[in-house]
Amino acid sequence: MSLTAAETTELLPAREVQLDRAVRVGLIGGLTAMFIVTSGMLETFDLRMIVDPILSLGYVTLMAAPFAVGYVAGKAPPVLEGYAAPSVGARNVQAGAIAGALTGAIYALYALIIHVLDFSSVFIKLTEQTKKIVTLDMGAGGVLILALVMAVSGAVGGAVHLLERRWKRAVLYSAFWVVMFGLLEVLVSQIAFVRRISAVKELLYGTDAGLTLIGAVIIGGLVFAAYYYLDGRVRAATRRAMALEGQQRRRFILISLGVAIVFLAVLPQILGPFLSEVLDLAGVFLLMALGLNIVVGFAGLLDLGYVAFFAVGAYTTAILTSPVSPKWSPELSFWTAIPFIILAAAAAGVMVGTPVLRLRGDYLAIVTLGFGEIARILFLSDALKPYFGGAQGMLLIPDIDIGPFTIDDSISFFYPIYAFVILFAYLSYALQDSRVGRAWMAMREDESVAEAMGVNIVAAKLWAFVIGAIFAAIGGALFAHKIGSVFPESFAILVSITVLVLIIVGGMGSVPGVTVGALALVALPELLREFAEFKFLFYGTLLIFMMLNRPEGFIPSRRRARELHLDEVEQDAWLAQAAEQDPAPAE
Amino acid sequence: MALLEISSLSKAFGGLHAIDKLDLHVDRGEIVSVIGPNGAGKTTFFNVITGMITPDEGEIIFDGADLAGLRPNQILALGMARTFQNVRLFPNMTVRENVMVGRHTRTKAGVFGAILRTPAFRAEEEETKRKAEETLSFFGTRLVGYRFDQPALNLSYANRRRLEIARAMGSDPQLLLLDEPTAGMNPRETLEITGLIGKLRDEKGFTVVLIEHDMRVVKGVSDRVIVLDHGSKIAEGPYDEVAQNPDVIEAYLGRPATGTA
Ligand SMILES: Nc1ncnc2c1ncn2[C@@H]1O[C@H](COP(=O)(O)OP(=O)(O)O)[C@@H](O)[C@H]1O
Ligand SMILES: [Mg+2]
C-alpha cells in the first residue's frame, strides 16, 4: 500500500475525552432523574416488573439516566481527519463515573429535599408512594445506596467504550432486549407457540409480568450470542444479495417476495387476536404515513392537516355502505365503494391543494393545519348533521367480504390492511423512481429552480396532494369498516401530528423507514397501554433525540442522510473556497 | 427574424429601476455578451425574460411567441433555458438526475405510466437517461462514469457550473442564457469554458446570451456585446468597438465597480 500525502504528514494529537463535558452531561442526568421522579414516571413504572422480583421498570428508567450520561461522557469526540485516534482506557470510565456520580448526587439532594419540604401541592405526582420508592423505603441510607449505584451505572456507561465494537453492540443490545422482553410480556405470551406450551411462559415470566431471573439470563444470553455471531455477517449477506445480476437477481427477488408473502399470511395466525389488533391499528397508521411521506418526504410540502383526508375516506365509506346513513344509503360493499372513495379523496386533495399552491414552508403548514380542523368541525357540525350524523357519528358500517370470506375480526382485517400497505409501498417506490418523482424531488430542493427547469409546479403539487389524500382515505375507510362506526372525534389534529412524528422518526422519504417508524411507534404504545399518559412525552423525547442525533430518521433515504449529515463539512469547505475565489459578490 | 426581441422592457424594485426601457434583440445562431457594472440589472434581465420575475411593462417576443403571462416552465418549453449566477443545482439529486429533470418538458410520462411501468414509460425513461448521459459527455470525462451517480453537492465548484450548463442543455433549448459561467473559476478553467461556449453554438447549434465579467472571455466568444448600466443599454456592437466607447469606459471606471450586485 502506498502512503498518500495525508498519511505521511504528522498527525495532530488526539482529541481526548473531556472531563468538564462529563460535568455538564452529569448535570443533565441529574435534572433527568429529578424529572423522572417528579413526573410520576417512577411511581407508575415501579408497578411493572422487568426482572421479577428484583428490578422494576421504575428503577430501570431511573438508572438509565446515569448510564446514558456516563455513556455520552465517556465517548471520545469524533476523530477528525489529520488527528490521531484517541486512546481508550481509564479516562473513559473516569468521565462516565463523574457524570454518573453527579447525577447521583443531584438525585440524592433532591430526594432529601422532597422529604423535608412538601411540594406535593404543586407537583401532585410527588406522592408518599413516590417518596418511598425514592429511598428504597430505607430512609437516607436507601438514597445513598441509589446514588452510589448511579455513580457505578455511569462508570459502566463509560466503560462500555473500552469494549471492542462487536462486544459493545452485543452487550448494549442484550441489555436493551432484556428490558424490552420484560416490558412486552403481553407480546410474547400471546404468540401461538408460547400460548400452546405454557412451560415456556412459566420459565421466562414470573407471576408479575416481568421476566424471571432465569428468563432474563436466557434472553440476554440469546441476544448476546445472536449479535456477536451475526455482526458483519448480515451486512456481508446483504451486500452479496445486492450485487446479484440479471437472472439470479430476479430469482432472488421472487424468492424473498414469496417468503415475505407466506410470512405475512401466517403472521396474524401466529400472533393471535390481540396482537393482530395492534398490528391492524399500526397498519392503518402506516397507510397514512406512506401517504404523508409522498406529500412531505417526496414533494416537501409540509401538510399538518393530513387527518382531513383520513376523515374523508372514513365518512365516504360510511355514507356509501352503512344502512343507517342519514341522508342517502346506497349500501354498497367496501369494494364497490373504493372508486368513490378515491374520487372523493382526489377531490379533497385538489380542494386543499389549490388554495395553497403559492404558499411555501411555514405558511403552508399553518394553512393546512387550519384545513384539518375545518374538516373535523364540519363533520361535527349540526348544520351537516343530516349528512354526517354530527357528534353521534355514523354506525353500522358493514364488514368487508372477500369472495366467500368475511373480514370481521382483527385477524382477518390484517389481510386487507396489509395488502394495501404492500400496494402503497410499491406505488411509493414506483413513483419515486420516475419522471414524477424527480419533479417532486427537484421541487423539494428548490421550487423556483425546478419551475425554471420545466417542472409544472401546479401539477406536481396537486398530484402529491391527491395521491397522499388517496392513501389516507383508503386508510380511513379500512379503519371505519374495522371499527364499524365513525365519529368526528377520531380525526383530531393529534392524528396528523402523530403521523408526522412517525415519518420523521422513521426517516422522511424512505419507505422502509416510514414502515418501521409506524410499526414501532404505534404498536409499542398499544402494547404498553398502562403507561398511556406518558405516550406523548415519549414521542416528544424521541423526536428531540432524533433531531439532535439522527435528523435523517431511523432508516433514512440515501438522499436525506447526505443532506443532513455526511457532506456538511465538505459543503462548508466548498462554500468558503467559492467565496474566496469569487471576486464578484454573490447575487 | 430575430429569435428574441425585447422592447421597452422595465422592472423596478421599489424606487430602483433595475431594468429601464430596455430594447434589444438576439438573432438565431449568435453569441451575445451582456456586460455592465455590478447592479446594472443583468441578472434581473435574465430573471424577467425567463418568467421568474414579472416585468412592469414591455414586450418579450421569443421565437415568434409573446411571453407575457407565461410561467417559467412554459418559457423553458418554448426553448429558453438558463443557468444561475450563484449555482443553483438540486444538490441531493445525482448528477444524472439533475440533467434528467432538465428534460422534464421534453418528456411526457405521468403518474399512471410510472405506476403501471408501461412499455412507453420504460422506453422514455431509458431515452431520458441516455440523453442525459450524452449531454454530460459534452464536458469530456469530467461528469461521466461514477460521477453519474454522485450527488451534485459532491462536485467541485467548477463541475457544479458545468453541471448547471448540462442541465440547461438537457431541455433541448434554442437559446441558452448563461449567467457568469466563469465566476469563481481559475484561469485554466475559464479558458476551457470559453472554448466550450463556442462549441455550444458551433456543435450543438444553440444561440447563446452570456453575462460575463471576465473581458477575455467576452472578447474571445462574442459576436456582439451589449453594455447595460442602470438597467438601460448604453452601448452595443462588436467587442473592440464597445471597448473604445467613452460611455462604457465611464460606466466601468467612473464609479467603483463593487456595488451591491
Ligand atoms: N428581487 C429583488 N428585489 C429587490 N431588488 C433587487 C432584486 N433583484 C435585484 N435587485 C436589485 O436590482 C439591481 C440589479 O441587480 P442585478 O440584476 O442582480 O445586477 P447584476 O447586473 O449585477 O446582475 C441591484 O441593485 C439589485 O440590488
Ligand atoms: Mg448578476
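Right above here is the structure, for reference.
The present account deals with the structure reproduced in this document.

Notes on the overall build of chain A
On a plain count of helices and strands, chain A comes out with 27 helices and 4 strands. Against the globule reference of 25 Å for 587 residues, chain A gives a C-alpha radius of gyration of 27 Å, in line with a compact fold. Counting only C-alpha atoms, chain A reaches 75 × 70 × 55 Å along its principal axes. Among the 587 residues that make up chain A, the fraction classed as buried is 48%. Restricting the contact set of chain A to residue pairs at least 6 apart, pairs at least 24 apart contribute 76%. For chain A, the exposed area adds up to about 28,300 Å²; of that, 70% sits on carbon and sulfur atoms. Placing the 40 positive and 46 negative side-chain charges of chain A at their respective mean positions leaves the two points 5 Å apart.

With respect to unusual backbone geometry
Residue and element names in this part refer to chain B. Backbone geometry places Glu180, a non-glycine residue, at a positive phi of 50°. One can find Glu180 in the loop between strand S7 (175-179) and helix H7 (187-202). Residue class for Glu180 comes out buried when judged on its relative accessible area of 3%.

A few points about the packing of aromatic side chains
Residues and elements named next belong to chain A. Counted according to the given criterion, the structure contains 28 aromatic pairs over all chains. With centroids separated by 4.8 Å and ring planes inclined at 75°, the aromatic side chains of Phe379 and Phe388 adopt a geometry described as edge-to-face. The same class applies to Phe379 and to Phe388, which are both buried. Every member of this aromatic cluster is reached through a ring pair, and the members are Phe310, Tyr315, Phe379, Tyr387, Phe388, Phe479 and Phe491. We note Arg233 situated over the ring of Tyr229; from NZ or CZ to the ring centre the distance is 4.1 Å.

Some thoughts on the site of ligand 1
Residues and elements named next belong to chain B. Taken together, 12 residues form the shell around ligand 1, and within it Gly39, Gly41, Lys42, Thr43 and Thr44 come nearest. Contact between ligand 1 and Gly41: an oxygen atom at 3.0 Å from a main-chain N or O atom of the residue. One of the side-chain N or O atoms of Thr43 is found 2.7 Å from an oxygen atom in ligand 1. Protein contact buries 71% of the 560 Å² of open area that ligand 1 shows by itself. For the shell around ligand 1, the elements supplying multiple residues, two or more each, are strand S2 (16-26) and helix H1 (42-49). Broken down by element, the residue count for the shell around ligand 1 peaks at 3 residues, all from H1. Per-class residue counts for the shell around ligand 1 are 6 nonpolar, 5 polar and 1 charged.

About the thresholds
- Residues numbered from 1 in each chain as written.
- Chains lettered and ligands numbered in written order.
- Predicted model: local features only at pLDDT ≥ 70, side-chain atom pairs only at ≥ 80, totals over all residues.
- Heavy atoms only, no water.
- Helix = DSSP H or I, 4+ residues; strand = E, 2+ residues; numbered from the N terminus.
- Rg over C-alpha atoms; globule rule 2.2 N^0.38 Å.
- Buried < 20%, exposed > 50% of the residue type's maximum accessible area, 1.4 Å probe, protein only.
- Contact = heavy atoms within 4.5 Å.
- Areas by Shrake-Rupley, 256 points an atom, 1.4 Å probe, with all protein chains shown as cover.
- Lys, Arg positive; Asp, Glu negative; His and termini not counted.
- Charge placed at Lys NZ, Arg CZ, Asp CG, Glu CD.
- Phe/Tyr/Trp six-rings, centres within 6.5 Å; stacked < 30°, edge-to-face > 60°.
- Lys NZ or Arg CZ within 6 Å of the ring centre and 35° of its normal.
- Near = heavy atom within 4 Å.
- Polar contact = N/O pair within 3.5 Å; in protein donor to acceptor, adjacent residues only side chain to side chain.
- Nonpolar A, V, L, I, M, F, W, Y, C, P; charged D, E, K, R; others polar.

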